[in-house]
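# Overview (structure and organization)
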Amino acid sequence: MRISLVLGKKIGGRSLRVCRQPLQEKLFSSTCSSQIKEHGLVRTGHLAMAKENEVGNETEGGLQIKGEEVEVKLRIPDSASFAAAKSLFLPSFKNVLNQENHFFDGSNEELSSQKVVLRIRFYNSDQKAIITCKGKQVLKDGIGRAPEEEEEIDVQIARSFVQDPDAMLLYDDSNLIRKLKGEFEFKDGLKYLGGFDNQRSVYEWRGYSLELDLTSYPWGCLHEIECETNKPEDLKQILEKLLAEQCIPFSDAKKSKFANFKDQTLE
Ligand code: MN
Ligand code: MN
Ligand code: MN
């Protein structure tokens, strides 16, 4: 037990070191795995976490992001077609989530210069808050892929970060924030970029969780069908066939919601 804790700690420390010195990291990780073999240890929670980090995604900035988000993104051109799509899935309706999205960057564009997006999202005002760090999304043929790591955070604390982004740098109870601070210096602090609302209607449909998103910007609205799945090509084909049969127009999304926000576009 004592040994596994020590090892866990070392490996935890390693994942921060990874970012700056990839070569040392390699040496260190081979030392670790031989130690693990020597002691014949089973994977503990700590080790499992380190393992996940190893196969995680590295952004251009060298930040290690744990997961990958893969989603189908189909744009619906207008509100009437969007209403038609909603009634089509109505028998599978689950709930509506009013999402409030807020975005942050380093005062010297430390995050955006590395294509990293930092978001705090509130659900139905004060039901839940999630902090998300995303790497660059590749959006091709209506399928988006991006490194993504998320963490639930206390709603009141999250609200205080929107009021004062620098408060995030003083907060030590979030792995995600600690990771960002470990990778970026933020010598002039953080800045708030603003945000937008999204009304997400969720449908549990044929084993998929379909999200029909109505995104509101001061310059207009976007309508989109989104769905996270590990079989995006299959789902996309099914959806396209169904929408075509129902004469509901659609197209591959060409731009993320955040990119539209940043550029003040509706593309
Ligand atoms: Mn996501
Ligand atoms: Mn999305
Ligand atoms: Mn999503």
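Residues numbered from 1 in each chain as written. Chains lettered and ligands numbered in written order. Predicted model: local features only at pLDDT ≥ 70, side-chain atom pairs only at ≥ 80, totals over all residues. Heavy atoms only, no water.

## A few points about the coordination of the manganese ion (ligand 1)
To be explicit about the condition: Counted as coordinating are nitrogen, oxygen and sulfur atoms within 2.8 Å of the metal, or 3.2 Å for Na, K and Ca, while water is not included, which may make sites look incomplete. A run of DSSP states H or I qualifies as a helix once it reaches four residues; a run of E qualifies as a strand once it reaches two. Both are numbered from the N-terminal end.
Taken together, E69 (OE) and E148 (OE) make up the protein donors of the manganese ion (ligand 1), found 2.1 to 2.2 Å from the metal. In this model, the manganese ion (ligand 1) sits 5.4 Å from the manganese ion (ligand 2). With E69 in strand β3 (residues 67-76) and E148 in strand β8 (residues 143-153), this residue pair connects regions lying 79 residues apart in the sequence.

## Quick notes on the packing of aromatic side chains
Convention followed: For Phe, Tyr and Trp, where Trp contributes only its six-membered ring, two rings pair if their centres lie within 6.5 Å, and the inter-plane angle classes them as stacked under 30 degrees, edge-to-face over 60, or tilted in between. The cut-offs for exposure are 20% and 50% of the maximum accessible area for each residue type, with area from a 1.4 Å probe on protein chains only; residues under the lower value are buried, those over the upper are exposed, and the others partly exposed. Either the NZ atom of lysine or the CZ atom of arginine qualifies as a charge over a ring when it sits within 6 Å of the ring centre and within 35 degrees of the ring normal.
Tallying each qualifying case throughout the model produces 13 aromatic pairs. Their ring planes at 65° and their centres at 5.4 Å tell us that F161 and Y171 sit as a pair that is edge-to-face. Residue F161 is found in helix α5 (residues 155-163), and its partner Y171 is found in the loop between α6 (167-170) and α7 (175-183); the two are separated by ten residues along the sequence. Accessibility expressed as a relative area gives 1% for F161, which makes it buried. Given the relative accessible area of 17%, Y171 is considered buried. Through a chain of ring-to-ring contacts, the aromatic side chains of F103, F196, Y217, W219, F258 and F261 assemble into a single cluster. Over the aromatic face of Y123 sits the side chain of K128, whose NZ or CZ is 4.8 Å from the ring centroid. It is R159 that lies over the ring of F122; its NZ or CZ is 3.6 Å from the centre.

## Re the coordination of the manganese ion (ligand 3)
Ideal geometry at a metal centre: 109.5 degrees between donors when four sit tetrahedrally, and 90 or 180 degrees when six sit octahedrally. Taken together, E71 (OE) and E228 (OE) make up the full set of protein donors to the manganese ion (ligand 3), lying 2.4 to 2.6 Å away. Separation of the manganese ion (ligand 3) from the manganese ion (ligand 1) amounts to 3.5 Å. Note that E71 is positioned in strand β3 and E228 in strand β11 (residues 220-228), a separation of 157 residues in sequence.

## Focus on the environment of D173
This is how it is decided: The contact criterion used throughout is that any non-hydrogen atoms of two residues lie within 4.5 Å.
Mapped onto the fold, D173 is located in the loop between α6 and α7. Residues D173 and I153, 20 residues apart in the sequence, show an inter-C-alpha distance of 9.1 Å. If sequence neighbours within four positions are ignored, D173 has contacts with E151 and R178.

## Examining the pattern of salt bridges
In plain terms, the rule: Definition used for salt bridges: Asp or Glu carboxyl oxygen within 4 Å of a side-chain nitrogen of Lys or Arg.
On inspection of all chains with the given rule, the structure shows 26 salt bridges. Residue E224 is joined to R75 by a salt bridge in which the shortest nitrogen-to-oxygen separation is 3.0 Å. You can see E224 sitting in strand β11 and its partner R75 sitting in strand β3, a full 149 residues away along the chain. Residue class for E224 comes out buried when judged on its relative accessible area of 1%. Classification of R75 as buried rests on a relative accessible area of 8%.

## What to know about helix α8 (residues 232-245)
Heads up, the rule is: Under the convention used throughout, the expected extent of a helix is 1.5 Å for every residue step, that is, one less than its residue count. Working definition: the arc comes from the directions between the helix axis and the C-beta atoms, pointing outward to the latter.
An ideal rise of 1.5 Å per residue puts 20 Å on 14 residues; α8 measures up with 20 Å between its terminal C-alpha atoms. Of the positions making up α8, those classed as buried are P232, L235, K236, L239, L242 and L243. All buried residues of α8 lie within an arc of 135° about the axis, which places them on one face of the element. Seen from the open side of α8, the exposed residues pointing more than 90 degrees away from its buried face are Q237 and K241.

## Description of the confidence of the model for the protein chain
Do not read the predicted coordinates in detail wherever pLDDT is low. For the record, the criterion: As a per-residue measure, pLDDT tells how confident the predictor is, with possible values from 0 to 100.
The pLDDT averaged across the protein chain works out to 83; a share of 78% of its residues lies at or above 70. Between residues 1-55, whose pLDDT stays under 50, and residues either more than four places distant or in other chains, the model counts 40 contacts.

## Brief notes about α7
Along an α-helix, a turn takes 3.6 residues, which lines up residues three or four apart on a common side. Listed in full, the buried residues belonging to α7 are L176, I177, K179, L180 and E183. Angular distribution of buried residues about the axis of α7 spans 160°; they occupy a single face of the element.

## As for the environment of I143
When you line up the elements, I143 lands in strand β8. Residues I143 and K236, spaced 93 residues apart in sequence, show a C-alpha to C-alpha distance of 8.4 Å. Apart from residues lying up to four places away in sequence, I143 is in contact with V70, E71, V138, P232, E233 and K236.

## Digging into the pairing of β8
Operational definition: In this scheme, strands are said to pair when DSSP sees at least two bridges between them.
For β8, a buried count of eight out of eleven residues is recorded, marking the element as mostly surrounded by other parts of the structure. Where strand β6 (residues 128-134) meets β8, six bridges bridge the pair, whose relative direction is antiparallel. Looking at the pairing, I130 lines up with E152 of β8. Once strand β7 (residues 138-140) ends, the chain turns through two residues before running back antiparallel as β8, passing D141 with a positive phi of about 50°.

## A short note on unusual backbone geometry
A positive phi angle, close to 50°, is found at R206, a residue other than glycine. Along the chain, R206 falls in the loop between β9 (190-205) and β10 (208-217). Of note in the backbone geometry, Q264 takes a positive phi value of approximately 55° without being a glycine. Looking at where Q264 falls in the secondary structure, it is placed in the segment after α9 (257-263).

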